[in-house]
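Chain by chain, the residues:
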Amino acid sequence: MSDAYYNPDDLAKFKEIGTFAPDLAQKFFSYYGDVFKDGALSAREKSLIALAVSHAVQCPYCIDAYTVDGLEKGISEKQMMEAVHVAAAIRGGATLIHSVQMMNKSKKLGM
Amino acid sequence: MEITRSLKFRKSDLTTGDNQINQLTHFSSRIENLPSFQDKMKAATLFPLQPSKLEIFQVNMGKMCNQTCKHCHVDAGPDRKEIMTRQTMEKIITILESSTAHTVDLTGGAPEMNPHFRWFVEELSRLGKKIIVRCNLTIILANKSYHDLPLFFKMHGVHVVSSLPYYDKDKTDRQRGDGVFQDSIKALQMLNEIGYGKINSGFKLDLVYNPAGAFLPGSQAALEKDFKIELKRLFNIEFNSLFAITNMPISRYLDYLIQSGNYEAYMEKLVNAFNPTAAAGVMCRNTVSVSWDGFLYDCDFNQMLELKVDSQNNTHLDQYDEAMLQKRNIVLNQHCFGCTAGAGSSCGGTTS
């Protein structure tokens, strides 16, 4: 048992999520594979979305995986950073939009 | 930007083939525990690996180069003086007169820096061989005497294959040296101006994509599409095909992997991505590689590891016996995982 919550070697063990629920894992991996295929969006575009979401959900495994995937797909660091800013803008905006609720409440309670 | 020097200049241990092979097999317990390439080929019923019909004569005209790229498997650079003599080229011409090889692939270093380069191309052209020149692009701009290279290539119907790791300055210059991107773009525009890379012109200009770091190339088709759109949009440049080539864990790229702490993970990635279909199509099966000093190898990578062809008394142009060479077993080692990973890798791009 590692002393840390996150261990980079665990990324390679992703398939082990099927240990106690193989049928569900199989369905998940099959779905996952299909999601990232070229479709109305290219695999390259999907990789950038995945990278942005990885930052939003703060998953270090996903950040590692989709940084490598992005580099392999020829995505530049500038493009990756812009994608992360999209995630940051949405997270920041999501925080700030709640300030309207704060102001509404404050207005209602104030004199 | 940090300036890259050749391993020879730095007096690195990795200048010898034996030392590189030692790192490929015994670097650490993690490396020692990897499956052997030979065992993987046995499992794929591809061992011993034998040649198919000889089609390509790949000639490394020397290690001299105007660039010192970080990933160079030849350890080429301006300080390298080892280049092919005209006498050796004459031997190649004589051999090619009766060889089944229809294509001669000229590489280096920068082959154009060899003083006998133009004479050699003219002779090959006279023989009716298809000629590929692996041109680093910047040589065309290096000094006035090279400015007419595009026209010279065109005159002899040379198929130009050039490296460009990315369509921006930052990544390109990090791999290939300061200012390389700007000169490469100018050279590509010069080639385009006289018809190279234009659809239906008959003058082929292909690009080689090598990852600028410790990762594998993605889909060749997707990268080609991306490069075509961006090079056209940004610089009005056109080209025919893009070859995605995996960096081989030898020479300066091996040094980079070790120094950056990426070596073991990179080797594991190559091994895990072993693809039997790609393995069946490896380029060493239809190619013979000749070094600047006339020795024979299965490929340019084996050449840099000093692994000569396994053909008794037939390892140099002086002893060249094509029929006997065709019966040889191809020499394999752990670096060969670089050609069999994923969609495969060769001097002509993916192999599956």
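Reading the values: the criteria
- Residues numbered from 1 in each chain as written.
- Chains lettered and ligands numbered in written order.
- Predicted model: local features only at pLDDT ≥ 70, side-chain atom pairs only at ≥ 80, totals over all residues.
- Axes fitted to C-alpha atoms, helices over the stretch in contact; angles between N-to-C directions.
- Helix = DSSP H or I, 4+ residues; strand = E, 2+ residues; numbered from the N terminus.
- Parallel < 35°, antiparallel > 145°, perpendicular 65-115°, else oblique.
- Left-handed = near helix turned anticlockwise from the far one by under 90°.
- Contact = placed C-beta atoms within 7 Å.
- Nonpolar A, V, L, I, M, F, W, Y, C, P; charged D, E, K, R; others polar.
- Buried ≥ 20, exposed ≤ 12 C-beta atoms within 10 Å, placed from the backbone.
- Pairing = 2+ DSSP bridges.
- Right-handed = clockwise from strand over helix to strand, strands pointing away.
- Expected span 1.5 Å × (residues − 1).
- Arc of directions from axis to C-beta.
- pLDDT = per-residue confidence, 0-100.

Another point: the packing of helix α2 (residues 43–56) of chain A against helix α3 (residues 60–72) of chain A. Residue and element names in this part refer to chain A. Two numbers describe how α2 lies on α3: the axes approach to 9 Å, and their chain directions differ by 155 degrees. One element, α2, and the other, α3, form an angle in the roughly antiparallel class. The hand of the α2/α3 crossing is left-handed. For the pair α2 and α3, the contacting residues are Ser 47, Leu 48, Ala 50, Leu 51, Ser 54 and His 55 in the first and Cys 62, Ile 63, Tyr 66, Thr 67, Asp 69 and Gly 70 in the second. Tallied by class, residues from the contact of α2 with α3 come to 6 nonpolar, 5 polar and 1 charged.

All names here are of chain B. Taking burial as the measure, the 5 residues of strand β1 (residues 56–60) include 5 buried ones, the bulk of the element. Neither face of β1 is exposed, since Ile 56, Gln 58 and Asn 60 on one face and Phe 57 and Val 59 on the opposite face are all buried. With 5 bridges joining them, β1 and strand β2 (residues 103–107) adopt parallel strand pairing. Bridging across to β2, Asn 60 finds its partner in Thr 107. Read from β1 through helix α4 (residues 86–96) to β2, the crossover connection turns out right-handed. Both β1 and strand β7 (residues 287–290) contribute to a ladder of 4 bridges, which runs parallel. Bridged to Ile 56 within β7 is Thr 287.

Attention shifts here to the interface of chain A and chain B. On the chain B side, the residues contacting the 8 residues of chain A number 11 residues. Within the residue set of the side of chain A that touches chain B, elements represented by two or more residues are α2 and α3 of chain A. At 3 residues, the largest contribution of residues to the side of chain A that touches chain B is made by α3(A). Its residues assigned to classes, the side of chain A that touches chain B comprises 3 nonpolar, 2 polar and 3 charged.

Our focus in this paragraph is the environment of B:Gly109. All names here are of chain B. As for its position among the elements, Gly 109 is in the loop between β2 and α5 (117–127). Sequence separation between Gly 109 and Phe 153 is 44 residues; the distance between their C-alpha atoms is 18 Å. Setting aside residues no more than four positions away along its own chain, Gly 109 makes contact with Met 61, Gly 62, Lys 63, Met 64, Cys 65, Val 74, Ala 76 and Arg 80.

Turning next to the packing of helix α8 (residues 169–176) of chain B against helix α9 (residues 180–193) of chain B. All names here are of chain B. α9 packs onto α8 with a crossing angle of 110 degrees between their chain directions and a minimal axis gap of 8 Å. The angle between α8 and α9 places the two elements in the roughly perpendicular class. Facing Lys 169, Thr 172, Asp 173 and Arg 176 of α8, the residues of α9 in contact are Val 180, Phe 181, Gln 182 and Ser 184. Within the contact of α8 with α9, the residues separate by chemical class into 2 nonpolar, 3 polar and 3 charged.

All names here are of chain B. As summarised here, the arrangement of the 8 strands in space is β6-β5-β4-β3-β2-β1-β7-β8, forming an open sheet in which the pairing is mixed. Whereas interior strands pair on both sides, the edge strands pair on one side only; in this sheet they are β6 (242–244) and β8 (296–297). Where strand β3 (residues 130–135) and strand β4 (residues 159–163) come together, 4 bridges link them in parallel fashion. Its bridge partner lying in β4, Ile 132 is registered against His 159. This element, helix α10 (residues 220–235), spans β5 (205–209) and β6 of the sheet and lies at about 135 degrees to β6.

As a further point, take α3(A). Residue and element names in this part refer to chain A. Here α3 spans 18 Å end to end across 13 residues, near enough to the 18 Å set by a 1.5 Å rise per residue. Among all positions of α3, only Tyr 66, Asp 69, Gly 70, Leu 71 and Glu 72 are buried. Along its buried surface, α3 packs onto α2 and α4 (77–109). Just past α3, the residue Gly 74 takes up positive phi, approximately 80 degrees.

This brings us to the pairing of β4(B). Residues and elements named next belong to chain B. Most of β4 sits out of view: 4 of its 5 residues are buried. Summarising the sheet, β4 and β5 pair through 4 bridges and their orientation is parallel. Across the sheet, the residue bridging to Ser 162 is Leu 207, located in β5.

Next up on the list: the environment of A:Gly33. Take A:Gly33: it is sitting in helix α1 (residues 22–35). With 36 residues separating them in the primary sequence, A:Gly33 and A:Asp69 have C-alpha atoms 14 Å apart.

Residues and elements named next belong to chain B. Among the residues making up helix α1 (residues 17–26), those that are buried are Gln 20, Gln 23 and Leu 24. In a view along the axis of α1, the buried residues occupy a sector of 100 degrees, so they form one face of it. Opposite its buried face, α1 presents the exposed residues Asp 18 and His 26, each directed more than 90 degrees away. Among the structural elements, α11 (251–259) are those in contact with the buried residues of α1.

With that settled, the discussion passes to the confidence of the model for chain A. Here chain A averages 95 in pLDDT, while 98% of its residues score no lower than 70. The least confident element of chain A, judged by mean pLDDT, is α3(A) at 96; the most confident is α2(A) at 98.

Residue and element names in this part refer to chain B. With an omega dihedral of -5 degrees, the bond running from Phe 47 to Pro 48 counts as a cis peptide bond. Position of Pro 48 among the secondary structure elements: in the loop between α3 (37–43) and β1. The residue after Gly 108, namely Gly 109, is reached through a cis peptide bond having omega 20 degrees. Its identity as a non-glycine residue notwithstanding, Leu 137 has a phi of 75 degrees, on the positive side. Inspection of the secondary structure assignment puts Leu 137 in the loop between β3 and α6 (138–142). If you check the backbone angles, Asn 313 has positive phi at about 55 degrees while not being a glycine. Here Asn 313 is to be found in the loop between α14 (300–304) and α15 (322–325).

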